[in-house]
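# Survey of secondary and tertiary structure
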Amino acid sequence: MNISGSNLPAMSGAGQSGEVYSAVLAKKQQKADGQAALALIEAAGNSAAAKTPAQSVTATLGNNINVYV
């Protein structure tokens, strides 16, 4: 397998253009990752808010304990 910079698209010119191209791709990927993370956080917040609050514990909770196996 032969990997060289001359085979890559838009990178056949000078070495600096390849670095700029890589930096642009990395920046786009970071933006996409950030958007995905924000969407995940927002979805988690919405689902937690949609749940009903837990009911209060009653005074008789735990009075009957089954100890038989």
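Here we summarise the structure given alongside this text. Note that the coordinates shown come from a computational prediction; the quantities given were computed from them, not determined experimentally. (Residues numbered from 1 in each chain as written. Predicted model: local features only at pLDDT ≥ 70, side-chain atom pairs only at ≥ 80, totals over all residues. Heavy atoms only, no water.)

### Re the overall build of the protein
- A tally of regular secondary structure across the protein gives 1 helix and 0 strands.
- Considering the protein as a whole, with its 69 residues, one finds that 3% of them fall into the buried category.
- Surface summary for the protein: the accessible area is close to 6,500 Å², and the carbon and sulfur share equals 60%. (Helix = DSSP H or I, 4+ residues; strand = E, 2+ residues; numbered from the N terminus. Buried < 20%, exposed > 50% of the residue type's maximum accessible area, 1.4 Å probe, protein only. Areas by Shrake-Rupley, 256 points an atom, 1.4 Å probe, with all protein chains shown as cover.)

### Regarding a nonpolar patch on the surface
- A grouping of I65, V67 and Y68 is seen on the molecular surface, where their side chains present a nonpolar patch of about 430 Å² in accessible area.
- Checked against the element boundaries, I65 lands in the segment after α1 (15–50).
- Take I65: its relative accessible area is 65%, and that puts it in the exposed class. (Patch = residues over 30% accessible without salt bridge, like charges linked within 9 Å, V, L, I, M, F, W, Y side chains within 5 Å. Salt bridge = Lys/Arg side-chain N within 4 Å of Asp/Glu carboxyl O.)

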